Amino acid sequence: MSGSVLYDVPGPKAQARNRIYGILAAVVLLGLIAFAVHRLDATGQFQGGLWSAYEYTDTQQRIVDGLLTTLKTFAVAAALSLVLGTVLATARLSDHKPVRWAATVLVEFFRAMPLLIMIFLLYAAVFTSDPMWALVIGLMLYNGSVQAEIFRSGINAVPRGQSEAAFALGLRKTQVMTTVLVPQAVRTMLPSIISQLVVTLKDTSLGFIILYEELLFVGKSFAQQTPPVNGVYAFIPMVIVFGSIYVLLCLALSSVATWVERRTKRSRKGTPPPLAATGAVVMADPGHSAAAGDPGASGADVPKAD
Amino acid sequence: MNVLSDNFAMFREGFVGTVELTALSALLALVLGTLVAAFRVSPVPALRVFGTTWVTLLRNTPLVLLFLAVTLGLPALGLKGWDSFWLAVLALGCYTSAFICEAVRSGINAVPVGQAEAARSIGMTFGQTLTQIVLPQATRTAIPPIGSLLIALAKNTAIASGFNVSELGSVQKTLNAAAGYNIYVIFLWIALCYIIITFTISGLFRLLENRLAVAR
């Protein structure tokens, strides 16, 4: 159901009314933004002295270093989580009951734990001097478990006839998996996998809390070192600069997911059925029933708040 | 194993803190999320643009960054005197509202077209169609994803421990720093507390789901 089903095509009167509402809403919003900017200005956040530090190559180098640390952490954690996800998904689809059982317990446990609590544990108990690995291993355990569930549901969503046909040809289970099921499943799973990677990228900022020198932490220590100008500390400029970097990074990765999804949808040859084959799955996976063509509503971004 | 009995008051305070934080920010997120979802399907283009921007921006912001922006930004805007608990509720509520909005909106999209068409054909306005016909039916489809979003919210409250809010995460941090306790045992108890909370939420939502399913 597209949005327009909810209201009649606006006539001249309704158009005029909508325009008035629109103008009112815009005025209120712009007013709020103007108020925020005015307050920031009044409290002296836009003084040149607070921002001039960003002109120095030294500062820029530090930002780049922080960015590289974040990206490195993300790359390692993403790779490890994909590996762990594959292992756990394989175990959950195993023919052996104990293996299946153990994998289920692991996946459910790590998915139920807050990531930060895991990271606190790893930082306090195992990697006391190396926050990076506490962060990476924490991210790996959590995101690996989530990826495992994505892989598993993707493989289960391949039509039954595919594996039946492959078994009928005399292929073994491993062959059925690697040559028939996985290649088809990857296409449906790819948007979900990438949006989980966005979550991984966002969660690298948890390193901030365990004092790991990633982008956000660099920002904070940088703001603390900048001498206050007229009694104003450089925290707001820091949030604006570093926040934009983070949001742009995540937006870029999200748009890859949206792009991949649209591409998969468009290609006709061998298009797999959407992940949501049954009503129950549609409910659990709202993104797939959302309107197509809207950048915010693709199945790629099934709500993920963790 | 005496970590719990030694620090029972602390654990209790942390548990209550996490529950309060979860409940209040869930309330904020549900109200705000439904409102933004209504904006996103409204006939007014300016509101639609606002809704889309809100969702896109918040979903691509790390929660830690949002916490920083709220705890540092609001005082700069002159809103001093808010304690860190309410700032945390604000950050968590706004963050989760973007996800709730998408869940509600896909619930709205899942309501059969005929329902809204029938409502319009008997002369209902957009507001009436949405609040009396579509949203009540959308609730049914939206309940399961909202349940998992609130579980995610409960887990995300741990981040507030980095911003001077006393909840389970900060209990773990304090006890980890206090020498003499086995760190794994502390973790076990904290984990148990979170599991109690998340199981309660998922149980509540299963109950709600069953209740609403009967009406169908």
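Quick caveat, the model's predicted, so the values are computed rather than measured. (Residues numbered from 1 in each chain as written. Chains lettered and ligands numbered in written order. Predicted model: local features only at pLDDT ≥ 70, side-chain atom pairs only at ≥ 80, totals over all residues.)

To continue, consider the overall build of chain B. Along its length, chain B carries nine helices and zero strands. When the elements of chain B are put in sequence order from the N terminus, they spell out α-α-α-α-α-α-α-α-α. Once the C-alpha set of chain B is aligned to its principal axes, its extents read approximately 70 × 45 × 25 Å. Within chain B, the fraction of its 216 residues that count as buried is 50%. (Helix = DSSP H or I, 4+ residues; strand = E, 2+ residues; numbered from the N terminus. Buried ≥ 20, exposed ≤ 12 C-beta atoms within 10 Å, placed from the backbone.)

It is worth spelling out the UniProt feature "domain: ABC transmembrane type-1" (unreviewed entry) in chain A at this point. The positions that UniProt labels "domain: ABC transmembrane type-1" (unreviewed entry) are, in the present scheme, residues 67-257 of chain A. Split by type, residues 67-257 of chain A is 80% helix and 0% strand. Its first and last C-alpha atoms lie 22 Å apart. (UniProt positions renumbered as here; feature names shortened; annotations may be inferred.)

A word on the packing of helix α2 (residues 8-40) of chain B against helix α8 (residues 168-177) of chain B. All names here are of chain B. Taken N-terminus to C-terminus, the directions of α2 and α8 make an angle of 150°; their axes are 7 Å apart at the nearest point. Of the possible angle classes, the one that applies to α2 and α8 is roughly antiparallel. Where α2 approaches α8, its residues Met 10, Phe 11, Gly 14, Phe 15 and Thr 18 are matched on the opposing element by Leu 168, Ser 170 and Val 171. When the residues that make up the contact of α2 with α8 are grouped by side-chain class, the tally is five nonpolar, three polar and no charged. (Axes fitted to C-alpha atoms, helices over the stretch in contact; angles between N-to-C directions. Parallel < 35°, antiparallel > 145°, perpendicular 65-115°, else oblique. Contact = placed C-beta atoms within 7 Å. Nonpolar A, V, L, I, M, F, W, Y, C, P; charged D, E, K, R; others polar.)

With that settled, consider the UniProt feature "transmembrane region" (unreviewed entry) in chain A. Per the UniProt record, "transmembrane region" (unreviewed entry) is found at residues 20-40, 74-93, 105-126 and 232-260 of chain A. End C-alpha atoms of residues 232-260 of chain A are separated by 45 Å, and the span's content is 90% helix alongside 0% strand.

The subject of this paragraph is the packing of helix α4 (residues 63-76) of chain B against helix α5 (residues 84-110) of chain B. Residue and element names in this part refer to chain B. Taken N-terminus to C-terminus, the directions of α4 and α5 make an angle of 135°; their axes are 9 Å apart at the nearest point. In terms of their interaxial angle, α4 and α5 are classed as oblique. As α4 packs across α5, the resulting crossing turns out to be right-handed. Here α4 contributes Leu 63, Leu 66, Phe 67, Val 70, Thr 71 and Leu 74 to the contact with α5, which in turn contributes Ser 84, Leu 87, Leu 90, Ala 91, Cys 94 and Tyr 95. For the contact of α4 with α5, a count of residues per class yields 10 nonpolar, two polar and no charged. (Left-handed = near helix turned anticlockwise from the far one by under 90°.)

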